[in-house]
Amino acid sequence: MAQHFLLSSRAKTLSLAQVMRMTDDQAEATFRMVRWPETSGDPVCYHCGGLDAYDCRRPNGAPRFRCRACRKDFSITSGTLFASHKLPLRGYLAAIAIFVNEVKGKSALALTRDLGVSYKCAFVLCHKLREAMAVEMKGRVVGGEGKTVEVDGGYFGGYIKPANHKANRVDRRLARNQNGKRECVVIVRERGGNSVPAVFRTEGAALSFIKSRVAKGTVVHADEASSWDALHAQYEVKRINHQQAYSEAGACTNMAEEYFSRLRRAEAGHHHHIAGVYLLRYAQEASWREDHRREANGAQYERVAGLAMKRGPSVDFCGYWQRHLKAA
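Residues numbered from 1 in each chain as written. Predicted model: local features only at pLDDT ≥ 70, side-chain atom pairs only at ≥ 80, totals over all residues. Heavy atoms only, no water.

A. Region of interest: the layout of surface pockets. Of the voids in this model, the largest pocket is the one considered here, and its volume is about 430 Å³. The wall of the largest pocket is formed by 19 residues, among which H4, L6, V103, R262 and R293 lie closest to the centre. For the lining of the largest pocket, the elements supplying multiple residues, two or more each, are α3 (89-101), α7 (254-271), α8 (279-291) and α9 (297-310). Looking at the lining of the largest pocket, the element that brings in the most residues is α7, giving three residues. For the lining of the largest pocket, the class distribution of residues is four nonpolar, five polar and ten charged. (1 Å grid on protein atoms, 1.4 Å probe; cavity = no way out; pocket = protein on both sides within 12 Å on 5 of 7 lines; lining within 4 Å. Points joined across faces, edges and corners; volume = space filled by probe spheres on them. Helix = DSSP H or I, 4+ residues; strand = E, 2+ residues; numbered from the N terminus. Nonpolar A, V, L, I, M, F, W, Y, C, P; charged D, E, K, R; others polar.)

This is the structure we're talking about:
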C-alpha cells in the first residue's frame, strides 16, 4: 500500500521548532529576502522605489530604513498585510508555520494559546493569512481546450435551532422556516489544476461567475441540479445523478466533493460557524489548501509569506488596531 503524502518525508521540510529557534536577526533576514528577493534582501523604498536606503532603527531596535532619494522612512512590512505590526517578526513567521501545518484549518482560539496573544489578535492574523491566500485566485480562469472542470455548490450558515418539543418543530428545509442567512459556496475546480470558490445566495446565481472563470472549450461536469442547465448553451456538460451513482459514463464531481469535504471538516472541527461576511475567506482558504495539498509544508510556508508581503494592507482589517485604540 502506497504511503500517504502527508506521512512521507517529502511533506515535512519545516518544523515550528526551526522557526522559534530563529534569532531576531535571522527573522529579519528571512523577511527581507521574502520582501525584496530581486535585490537579495537589500531594502527598496516603498514610497519611490529607490534602491539607496540606509538603516535607521527605532530606539527599541525595530528595523527601519530611510530612503536617500525621497527622505521617507519605511520598514520591512510597510505597505504589506503586516503593516503597522505589533508582534515581533519571528511571531509572524511562527504564525504562518502553524497556519500552513494544519491540514483542515487553524482556529483562532488555538492560535492564541500557541502564540500567547489575545483572541482578537489571532482572529485578525488568521484572516490576514486567508486574504494572502486569496491573492492567487484573483482573476483566475480555469479550464480550456481538452481540459475538464467540475462545478458544484454547498450551503453553509443559517442554522435554525429545532424547538424543544417535537410538536413545535417545523421543516427547516422550507424557505419560510429559514432565517435568510444561509448562503451557497460554489466551487469551480479543474482536474489536475486549480480551483476558484465564490459565495452566492443560490447555486443559480453563480452562472455568470462560472462563465467568466471557465475558459471556452472546457468540458464541464456537474450534478443533476437544475441550476446548471444553462451551462449547456456554452459548454459541453456531463451530468451525474448522485442518487444513482457517484461516477457513471465518465461523469463525476468527486474533486468538487473533495473540496467540500475539506471545508465542512474545517467547519465541524475548527471553526464551527463559517457563515456571514467571512464565509468567502474560509472558502478561499479551503480552496488554497486543496490546490496545494501535495506541496511540502516548507514550500507552503514560503508561498504564504511571499503572498502576504506582496499583498497591500488588508481590505478587511486595515486600521483595526487604530480603531481599537481609539475606542479604548
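B. Structural context of the packing of aromatic side chains. Evaluated as defined, the whole model comprises twelve aromatic pairs. Seen from their ring centres, Y278 and F317 are 6.0 Å apart, and the 15° between their planes marks the pair as stacked. Note that Y278 is positioned in the loop between α7 and α8 and F317 in the loop between α9 and α10 (320-327), a separation of 39 residues in sequence. Looking at F317, the relative accessible area reads 6%, which means it is buried. Taken together, the ring pairs connect Y119, F123, Y278 and F317 into an aromatic cluster. Directly above the aromatic system of F156 lies the positively charged group of R264, at a separation of 4.2 Å from the ring centroid. The side chain of R289 reaches across the aromatic face of F99, ending 4.9 Å from its centre. (Phe/Tyr/Trp six-rings, centres within 6.5 Å; stacked < 30°, edge-to-face > 60°. Buried < 20%, exposed > 50% of the residue type's maximum accessible area, 1.4 Å probe, protein only. Lys NZ or Arg CZ within 6 Å of the ring centre and 35° of its normal.)

C. View of the sheet that holds strand β2 (residues 65-67). Taken together, the three strands give an open sheet; going across it, the order is β1-β2-β3, and neighbouring strands pair in antiparallel fashion. Each of the sheet's edge strands pairs with one partner strand only, and the pair in question is β1 (53-55) and β3 (73-74). Two strands pair when backbone bridges link them, and β2 and β3 are joined in this way by two bridges, in the antiparallel orientation. When the bridges of β3 are listed, F65 appears paired with F74. (Pairing = 2+ DSSP bridges.)

D. Main features of the nonpolar core. Ranked by internal contacts, the top residues of the largest apolar core, which has 44 residues, are F31, F82, I96 and Y301. Where this core is concerned, the elements lending two or more residues are α2 (24-35), β2, α3, α4 (108-115), α5 (119-134) and α9. Discounting chain neighbours no more than four positions away, the residues touching F82 are F31, T77, Y92, I96, L125, L129, A308 and M309. Residues V151, V196, I210 and V220 belong to the second largest nonpolar core, which totals 20 residues. (Core = buried A, V, L, I, M, F, W, Y, C linked by side-chain atoms within 4.5 Å. Contact = heavy atoms within 4.5 Å.)

E. Spotlight on the confidence of the model for the protein chain. A residue-level look at the protein chain finds 97% of positions with pLDDT of 70 or above and a mean pLDDT of 92. Within the model, pLDDT remains below 50 along residues 321-328, and this stretch shows five contacts once partners closer than five positions in the same chain are excluded. (pLDDT = per-residue confidence, 0-100.)

F. Structural detail: the pattern of salt bridges. Enumeration according to the criterion identifies 24 salt bridges in this entry. When salt bridges with common partners are traced through the structure, they connect R189, E258, R262, E290 and R293 into a single cluster. (Salt bridge = Lys/Arg side-chain N within 4 Å of Asp/Glu carboxyl O.)

G. Spotlight on α2. Here α2 spans 16 Å end to end across twelve residues, near enough to the 16 Å set by a 1.5 Å rise per residue. A27, E28, F31, R32 and R35 are the residues of α2 that are buried. Taken down its axis, α2 places every buried residue within 135° of arc, on the same side. On its buried side, α2 packs onto β2, α3 and α9. (Expected span 1.5 Å × (residues − 1). Arc of directions from axis to C-beta.)

H. Region of the structure containing the sheet that holds strand β7 (residues 219-223). Read across the sheet, five strands follow the order β6-β5-β4-β7-β8 without closing on themselves; strand pairing throughout is mixed. Both edges of this open sheet fall to β6 (195-200) and β8 (236-240), since each of them pairs with a single strand only. Strand-to-strand twist of the sheet, defined as the mean angle between neighbouring strand axes without regard to direction, takes the value 25°. Each of β4 (148-156), β5 (183-190) and β6 is contacted by α7, which is oriented at about 30° to β4, the strand it contacts most. Packing against the sheet, α8 makes contact with β4, β5 and β6, and its axis sits at approximately 165° to β6. (Axes fitted to C-alpha atoms, helices over the stretch in contact; angles between N-to-C directions.)

I. Highlighting the side chain of R35. Inspection of the secondary structure puts R35 in helix α2. Among buried charged residues, R35 stands out as having no salt bridge; its nearest opposite-charge side chain is E38, 8.3 Å away. Here S78 takes part through its backbone oxygen, which lies 2.9 Å from a polar atom of the side chain of R35. Residues contacting R35, with those up to four places away along its chain left out, are Y46, S75, I76, T77, S78, T80 and M309. (Lys, Arg positive; Asp, Glu negative; His and termini not counted. Polar contact = N/O pair within 3.5 Å; in protein donor to acceptor, adjacent residues only side chain to side chain.)

J. Summary view of the state of the cysteines. Tallying each qualifying case throughout the model produces zero disulfides. The thiol of C121 is not disulfide-bonded; the next cysteine sulfur, from C126, is found 9.4 Å away. Looking at C121, the relative accessible area reads 12%, which means it is buried. Here C184 is not cross-linked by a disulfide; its sulfur's nearest cysteine counterpart is in C252, at 19 Å. (Disulfide = S-S within 2.5 Å.)

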